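The lines below spell out each chain.
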Amino acid sequence: MQKSTLRIVGNKAVLNIRERMCETAEELLTSEKFRIVLDHCINHLKSKKSPLTGIFGNENIEPDDIDDLVRTLTLLVKYEAGVVPHIYEKSSVFLRDLHLLNSFVEHLYDYWRHFDRFIINDSEGDRLDKRPYRTFNETIEHLTHLIRTVYRQIQENVTGSHPKVYRQVPAGAEMSVISLPKNIPFKGEIYKKLNSIPVIRQILIYPPLVIHQPMNKRKGEFRRVSANPVELFTPEPSEFLCYPAKVGKLIILIYFHLSFYELGLSMCNLFQLADDNDLERQPDAIYIYGMPGNALDSLADYPTVFYHDEENGLFTGAVPDRLEFGYFGYLKKMVLTLHNSIIMKEGKMPFHGAMVKILLQGDKEATILMIGDTGAGKSETLEAFRVLGEKHIRDMIIIADDMGSVELDGDGMPTGYGTETGAFLRLDDLQPGYAYGHLDRSIIMNPSQVNARIVMPVTNYETVVKGYRLNYVLYANNYEEVDDNHPLIERFNSVEEALDVFRRGAVMSKGTTASSGLVSSYFANIFGPPEYKELHERIAERYFSAFFRSGIFVGQMRTRLGVPGHETSGPRAAAEELLRIIGVSD
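This section reports on the structure supplied with the text. (Residues numbered from 1 in each chain as written. Predicted model: local features only at pLDDT ≥ 70, side-chain atom pairs only at ≥ 80, totals over all residues. Heavy atoms only, no water.)

Brief notes about the side chain of Gln213
Note that Gln213 resides in the loop between strand 6 (209-211) and strand 7 (223-224). Polar side-chain contacts of Gln213 include one of 2.6 Å to the backbone nitrogen of Phe328. If near-sequence neighbours (up to four positions away) are discounted, Gln213 is found in contact with Leu263, Gly326, Tyr327, Phe328, Met445 and Asn446. (Helix = DSSP H or I, 4+ residues; strand = E, 2+ residues; numbered from the N terminus. Polar contact = N/O pair within 3.5 Å; in protein donor to acceptor, adjacent residues only side chain to side chain. Contact = heavy atoms within 4.5 Å.)

Looking at the pairing of strand 15 (residues 365-371)
Judged by how many residues are buried, strand 15 sits mostly within the fold: six of seven residues are covered. As paired strands, strand 14 (residues 349-360) and strand 15 are joined by seven bridges and run antiparallel to one another. Bridge pairing links Gly353 to Ile371 in strand 15. Where strand 14 folds back on strand 15, the antiparallel hairpin that results is connected by four residues, among which Gly362 adopts a positive phi of roughly 85°. Where strand 15 and strand 23 (residues 472-477) come together, four bridges link them in parallel fashion. Within the sheet, the bridge partner assigned to Ile371 lies in strand 23 and is Tyr475. (Buried < 20%, exposed > 50% of the residue type's maximum accessible area, 1.4 Å probe, protein only. Pairing = 2+ DSSP bridges.)

Notes on the pattern of salt bridges
Per the stated rule, a full pass over the model turns up 31 salt bridges. Here Arg201 ties to Asp276 by a salt bridge, and the two come within 2.9 Å at their closest N and O atoms. Linking Arg201 in strand 5 (residues 199-205) with Asp276 in the loop between strand 10 (272-273) and strand 11 (285-291), this pair joins segments that are 75 residues apart in sequence. Judged by its relative accessible area of 35%, Asp276 falls in the partly exposed class. (Salt bridge = Lys/Arg side-chain N within 4 Å of Asp/Glu carboxyl O.)

Overview of the packing of helix 11 (residues 495-504) against helix 12 (residues 533-549)
Across the interface, helix 11 lies against helix 12 with an axial gap of 10 Å and an inter-helix angle of 130°. Judged by the inter-axis angle, helix 11 sits oblique to helix 12. Judged by the twist between their axes, the crossing of helix 11 over helix 12 is right-handed. Taking contact as the criterion, the partners of Val495, Ala498, Leu499, Phe502 and Arg503 in helix 11 are, on helix 12, Glu537, Ala540, Glu541, Phe544, Ser545 and Phe548. For the contact of helix 11 with helix 12, the per-class residue count stands at seven nonpolar, one polar and three charged. (Axes fitted to C-alpha atoms, helices over the stretch in contact; angles between N-to-C directions. Parallel < 35°, antiparallel > 145°, perpendicular 65-115°, else oblique. Left-handed = near helix turned anticlockwise from the far one by under 90°. Nonpolar A, V, L, I, M, F, W, Y, C, P; charged D, E, K, R; others polar.)

Overview of the side chain of Gln155
Within the secondary structure, Gln155 is located in helix 6 (residues 132-159). Within the structure, the side chain of Gln155 is placed 3.0 Å from the side chain of Asn102, a separation counted as a polar contact. Apart from the residues within four sequence positions on either side, Gln155 is in contact with Asn102, Val105, Glu106 and Gly160.

Okay, here's the thing in structure tokens:
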């Protein structure tokens, strides 16, 4: 990797650094990085035939003309506009129309800020990663301050006036990482080529972040294939980063392409970043998100695939580097598919659902597992619990927001675990105002589109992997109305009755995938179980028998999230009814 490079790819500006950052205005304005942004901006203005290019005084803008502009801007940091031509004669052409020059400076500043901006700090050699505060402070914080200061000083010297209002908007990087080479002890030779890709050790973000994904929904399913996608992958270290994720008790290395940096780095709000000691062993799975070329197209009808490398004892997954896969759901759900496949191979039961431990007034408590497909109302019911919290709940511990697993502990009691420390939620389905109360930690995706999403932390890793004995296992039914024969919460009388509902996995689709209307999916979990149906059937029968044997309340909860008019009131009513049941149960 070069010492310092700036790349503009689509709407992304990626700054790779290893050296110190610019410390003065002159260093910034005369740097190669500023020139890249300036040239990019001017070319964009020329393509639009913008009147702002009139600052050059001619239509044929040559590199020497841009050199003169840089020199002029450098002087304008220190001197008022009337003084600059006396110092540098060629600056006079830019200062003929101060209003036009001021508009150009304003546009240049906004043009830089319209990019999704990333700093990748490769601190190999001087080991600055051991001093994260100093590294981040001297690079990211200083860069933000320097850019704002240069912009303001130039504008004040051009206009001859001072702003009445200063807005401290982010002007540097929005997401920054320290990434290092790491020698992961892979068992198979085929995987050692991945060690050329830097591994993220620390991340700094400036929430709230607004990210515009290329897509706003997921389609297709993740298919198990008979060929290892890693064999088709030739890594280009400068094009990839590795996010080492702790997914429940597992370690999954996620290699994501430059095209998807904004999505890959958003995982810091969803999965715990692995520690150095976690990387001293082979990971449980590998995921390549954004594999170049069309090699995956030959493996399945839809190129979102995973593979079990039994010889080397790990799973691998891959998705192509194409805009149609530029949706956070492809990142999150493949990771969870790999997790679920591993869990099943260990004889445990994965679930697609939310799990929460609720402590009520009067020393009542319960651990509740709500199983259901995307849009069934699981997360929305948790939000309703939060709203009801002050009146009824002493504490609410989020164990799993979307995916997890159930094990039998030493006493044969079903015990639940989570996978994520964060949540990937639909903005439209949250309680009014809830998202705004959590903006200080959130990453917001495609806020102006259908299926707008928010990614935010909701629990901690220690809670995710602690293990909690279950008291309630409920299927989230979002499509049926409530009446005398269909109560808000209905208890099943037998293992067979329960398995019939859970196995059918019916849900009214909310448009978060390509499906619509009332659809069914095996155990409401297309992320692994359909590819291991025989194995999953044996596991499900064993675990549901354990649920009933242990006296766990097994039933279904009608959230009505898919029933028009009940998008908010449905989950709230279900939450209230569940609290009532818990409060009167032994």
